[in-house]
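Residues per chain, in single letters:
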Amino acid sequence: MSKDNAPAPARKLPSENLYVDSSAFWQGTRDKKLLLQYCPLNGRFQHFPRPISLYTGRRDLEWREVSGRGRVYAVTALRTNGLGADGRLPCVLALIDLEEGVRILANLPGCAPGEARIGDAVHLVWDELADGRYPAFAKS
Amino acid sequence: MTTDPIGIVGYAEIPNRFRTGRSAYDLAGEAFAALLERTGVALDEVDGLSVTAALSEGTNPFFAAYMCEALGVTPTWLNLSATGGCSGLSAVMRAISAVREGHCRVAVVLSADAPSTIYRADFGAQRTEFQEPQAAARPPAAFGLLMSRYAHQHGLKEDALAKIAMVQRGHAVMNENALPKLRTPLTLEEYKASRVVADPLRLLDSVMFCDGANALLVMSRDEARRRQLDKMLLPTAYAEVTNHNGRDPLADITESGFTALGPRLFKQAGMAPKDVRMFQPYDDFTIAVQLQLEQLGFCPRGQGADFVLDTDLRHSGDLPLNTGGGQISAGQPGLAGGPLNLVEGVRQLFGEGGERQVSDARNALVTGIGVIPYGRNWSTSAAMILEAA
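Residues numbered from 1 in each chain as written. Chains lettered and ligands numbered in written order. Predicted model: local features only at pLDDT ≥ 70, side-chain atom pairs only at ≥ 80, totals over all residues. Heavy atoms only, no water.

## Here's the deal with the overall build of chain B
At step 1: Tallying secondary structure elements over chain B gives 13 helices and eleven strands in all.
At step 2: Judged by the C-alpha coordinates and their principal axes, chain B covers about 55 × 45 × 40 Å.
At step 3: By residue count, 64% of the 389 residues in chain B fall in the buried class.
At step 4: For chain B, long-range pairs separated by at least 24 residues make up 78% of all intrachain contacts whose partners lie at least 6 apart in sequence.
At step 5: Carbon and sulfur atoms make up 50% of the accessible area of chain B, which amounts to about 13700 Å² in all.
At step 6: Counting 35 positive and 43 negative side-chain charges, chain B places the averaged centre of each group 2 Å from the other. (Helix = DSSP H or I, 4+ residues; strand = E, 2+ residues; numbered from the N terminus. Buried < 20%, exposed > 50% of the residue type's maximum accessible area, 1.4 Å probe, protein only. Contact = heavy atoms within 4.5 Å. Areas by Shrake-Rupley, 256 points an atom, 1.4 Å probe, with all protein chains shown as cover. Lys, Arg positive; Asp, Glu negative; His and termini not counted. Charge placed at Lys NZ, Arg CZ, Asp CG, Glu CD.)

Spelled out as structure tokens, the structure:
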């Protein structure tokens with residue numbers, strides 16, 4: 001997807017469940033579904049996943065699929081090595097506000113810098129890595 | 001419990017240098033020895049110590065205790081301060097509390113770091129799974145996003161950001177502890193020609209890592225008088241907040257904790273922003289300075305650029321800004337960089353600013369910013385107003 005001619009080095013997925021149980025998120029990536037943590041008592045999503053609900057302070061939490069539709073809230077393009085995007089510069093990075101009322105940090109791997117603007121509608125795509133996939137977004 | 005005023009009575013700072021090859025312990029030792037020499041305090045009299053958590057020693061949970069061993073200090077009050085760029089400010093307040101409670105009498109707030117020599121911080125937590133795959137975990141990414149949103153809401157004025165960088169560079173020229181390579185004046189053309197790191201953030205909006213250390217001495221006025229330490233500063237106001245808006249998944253990322261703590265701070269001090277004689281704000285990026293001017297109430301929200309362009313920010317001006325050059329121009333010695341601007345505030349209020357001395361140095365507003373969170377501005381905001389006792 002990168003517009004760079006040089007092939008990016010194979011990026012690998014991080015280990016799962018090191019912080020909290022995130023296995024539903026990772027199973028979702030294998031099923032091509034974006035699953036985020038959901039507080040059933042409050043009816044709201046939260047991301048990244050937490051050990052408790054931000055809305056109730058309780059551990060009643062589940063995982064639900066989101067639509068994958070949202071809008072760009074903020075967007076930048078990384079242009080230098082050493083920021084974690086070596087080999088895939090320029091790397092477009094955005095904060096996406098999903099329809100479900102939760103914000104997610106994601107790359108826009110098909111977009112050139114300046115192409116995606118704040119307020120633009122975006123939808124879920126998948127960034128294919130060496131050993132799996134990671135959620136990303138593209139302009140709708 | 002003493003009712004005697006307790007404050008800062010001494011300071012020491014070693015020069016910022018790039019890739020010294022030295023450890024945080026060694027750099028800390030140099031700053032600590034300089035503090036003892038400058039204040040006449042004997043090694044065995046130091047009974048309180050706060051150590052700032054360092055990027056270069058990031059994996060060691062015993063850093064503070066090891067520092068005691070390294071320096072031969074036997075404290076009855078020991079603190080590891082770990083709010084990133086707020087660590088120095090918050091440690092001074094906690095040291096004052098410890099002295100007031102009688103846990104110690106002679107407290108040192110010690111910050112040293114050597115991230116340009118070795119970087120051993122491993123942040124773990126949510127970053128590994130939810131920020132690093134997208135390359136979203138490092139400060140330039142976070143501030144590129146923040147600036148893009150600010151530009152959308154209010155518009156960015158490149159000349160204002162350039163002015164912050166140029167004024168501070170002018171101050172670094174006069175600061176012999178600043179990184180040598182940054183001690184040349186900066187022109188608008190050079191600023192505008194500097195490369196973009198994370199749109200629209202430029203290299204010259206940013207700090208440069210280096211190695212360095214500083215130390216502050218905290219005690220009561222009686223204790224200071226007994227030692228003929230006649231200069232003393234009191235934090236007449238202090239406020240901090242961590243994880244501002246932390247339960248709102250759609251919070252405005254251009255709004256930081258300073259919005260919440262600004263009114264509280266000025267009420268405590270019994271003053272208004274117009275009464276601030278000098279501003280020594282935490283400066284990891286130029287936009288952070290502009291945002292703090294707005295959020296602390298120097299000007300309305302969204303008008304920070306105009307305020308910067310309309311105000312003389314030089315050491316000789318109306319609102320002197322980071323008179324030592326700040327981290328952007330003196331260098332950022334890792335997490336010892338937070339107290340860099342605090343030490344400069346103390347130096348100025350002691351009247352020891354040399355050729356960059358601010359006239360009528362009656363107070364200073366010093367701030368801290370700490371820790372890059374997930375998809376927000378920053379984690380901890382802290383602000384202190386210092387005045388002579």
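## Re the environment of A:P109
At step 1: Its place among the elements puts A:P109 in the loop between β6 (103-107) and β7 (121-129).
At step 2: Linking A:P109 and A:F137, residues 28 residues apart in sequence, is a C-alpha distance of 7.3 Å.

## Side note on the packing of aromatic side chains
At step 1: Applying the stated criterion across every chain, the model contains 16 aromatic pairs over all chains.
At step 2: Residues B:Y119 and B:F209 carry aromatic rings whose centres are separated by 6.2 Å and whose planes lie at 40° to one another, so their mutual orientation is tilted. One end of the pair, B:Y119, is in the loop between β4 (107-113) and α4 (127-130); the other, B:F209, is in the loop between β6 (201-202) and β7 (212-220), and 90 residues separate them in sequence.
At step 3: With centroids separated by 6.1 Å and ring planes inclined at 65°, the aromatic side chains of B:F258 and B:W378 adopt a geometry described as edge-to-face. With B:F258 in helix α9 (residues 257-269) and B:W378 in the loop between β10 (363-370) and β11 (380-388), the pair connects residues that are 120 residues apart, well separated along the chain.
At step 4: Relative accessible area serves as the criterion here: at 0%, B:F258 is assigned to the buried category.
At step 5: Overall, B:W378 belongs to the buried group, its relative accessible area being 3%.
At step 6: Its guanidinium or amino end placed over the ring of A:F48, A:R50 lies 3.8 Å from that ring's centre, counting from NZ or CZ.
At step 7: Here the guanidinium or amino end of B:R149 rests over the ring plane of A:Y73, the centre of that ring lying 4.0 Å away. (Phe/Tyr/Trp six-rings, centres within 6.5 Å; stacked < 30°, edge-to-face > 60°. Lys NZ or Arg CZ within 6 Å of the ring centre and 35° of its normal.)

## Some thoughts on the pattern of salt bridges
Residues and elements named next belong to chain B.
At step 1: Summed over the entire model, instances satisfying the criterion amount to 30 salt bridges over all chains.
At step 2: Measuring nitrogen to oxygen at the nearest pair gives 2.7 Å for the salt bridge that ties E223 to R226. Taken together, the residues E223 and R226, both in helix α8 (residues 221-226) and three residues apart, mark about one turn of the helix.
At step 3: With a closest N to O distance of 2.4 Å, R362 and D360 form a salt bridge.
At step 4: Judged by its relative accessible area of 41%, R362 is partly exposed. (Salt bridge = Lys/Arg side-chain N within 4 Å of Asp/Glu carboxyl O.)

## Observations concerning the interface of chain A and chain B
At step 1: Every contact between the two is made by 46 residues of chain A and, on the other side, 33 residues of chain B.
At step 2: Summing the contributions of chain A and of chain B, the shared interface buries around 3300 Å²; its carbon and sulfur component is 61%.
At step 3: Here chain A and chain B share one salt bridge between them.
At step 4: The shortest N-O distance in the salt bridge between B:D199 and A:R79 comes to 2.5 Å.
At step 5: Between the two partners, chain A and chain B, sit 20 residue pairs in polar contact (both at pLDDT 80 or more).
At step 6: The set of elements that each furnish at least two residues to the side of chain A that touches chain B consists of α1 (23-31), β2 (44-46), β4 (69-78), β5 (91-98) and β6 of chain A.
At step 7: Residue contributions to the side of chain A that touches chain B peak at six residues, all from β4(A).
At step 8: Looking at the side of chain A that touches chain B residue by residue, the classes come out as 28 nonpolar, ten polar and eight charged. (Buried area = accessible area lost by both parts, 1.4 Å probe. Polar contact = N/O pair within 3.5 Å; in protein donor to acceptor, adjacent residues only side chain to side chain. Nonpolar A, V, L, I, M, F, W, Y, C, P; charged D, E, K, R; others polar.)

## Considerations on helix α3 (residues 87-100) of chain B
Residues and elements named next belong to chain B.
At step 1: Between its first and last C-alpha, α3 extends 20 Å over 14 residues, near the 20 Å set by a 1.5 Å rise per residue.
At step 2: Burial runs high along α3: eleven of the 14 residues are buried.
At step 3: Taken residue by residue, α3 has S87, G88, L89, S90, A91, V92, M93, A95, I96, A98 and V99 as its buried positions.
At step 4: Trailing α3 by a residue or two, G102 shows a phi angle of about 85°, which is positive. (Expected span 1.5 Å × (residues − 1).)

## A short note on the state of the cysteines
At step 1: Inspection of the entire model under this criterion finds zero disulfides over all chains.
At step 2: Here A:C91 stays unpaired: no disulfide links it, and the sulfur of A:C111, its closest cysteine neighbor, is 11 Å away. (Disulfide = S-S within 2.5 Å.)

## Digging into the sheet that holds β2(A)
Residue and element names in this part refer to chain A.
At step 1: Pairing in this open sheet of three strands is antiparallel, and the strands run β2-β1-β3 from one edge to the other. Each edge of the open sheet carries a strand with a single partner, namely β2 and β3 (62-65). Between one strand axis and the next, the sheet turns through 55° on average, direction left out of account.
At step 2: Taken strand by strand, α1 contacts β1 (35-39) and β3, and its axis lies near 145° from that of β1. (Pairing = 2+ DSSP bridges. Axes fitted to C-alpha atoms, helices over the stretch in contact; angles between N-to-C directions.)

## Looking at helix α6 (residues 158-173) of chain B
All names here are of chain B.
At step 1: For α6, which comprises 16 residues, the first-to-last C-alpha distance of 23 Å matches the rise-based estimate of 22 Å (1.5 Å per residue) to within 8%.
At step 2: Of the residues making up α6, those classed as buried are A160, L161, A162, K163, I164, A165, V167, Q168, R169, H171 and A172.
At step 3: Where α6 is buried, its residues touch α5 (139-154), α7 (188-193), α10 (286-295), α11 (304-310) and α12 (326-330).

## A look at the nonpolar core
At step 1: In terms of nonpolar packing, the biggest core is built from 92 residues, with A:I96 and B:L365 touching the most fellow members.
At step 2: Setting aside residues up to four positions removed in sequence, B:L365 forms contacts with B:L265, B:F266, B:V276, B:M278, B:F279, B:Q280, B:L296, B:F298, B:A383, B:M384 and B:I385.
At step 3: Formed by 35 residues, the second largest nonpolar core is a distinct cluster that contains B:L27, B:V51, B:V108 and B:L229. (Core = buried A, V, L, I, M, F, W, Y, C linked by side-chain atoms within 4.5 Å.)

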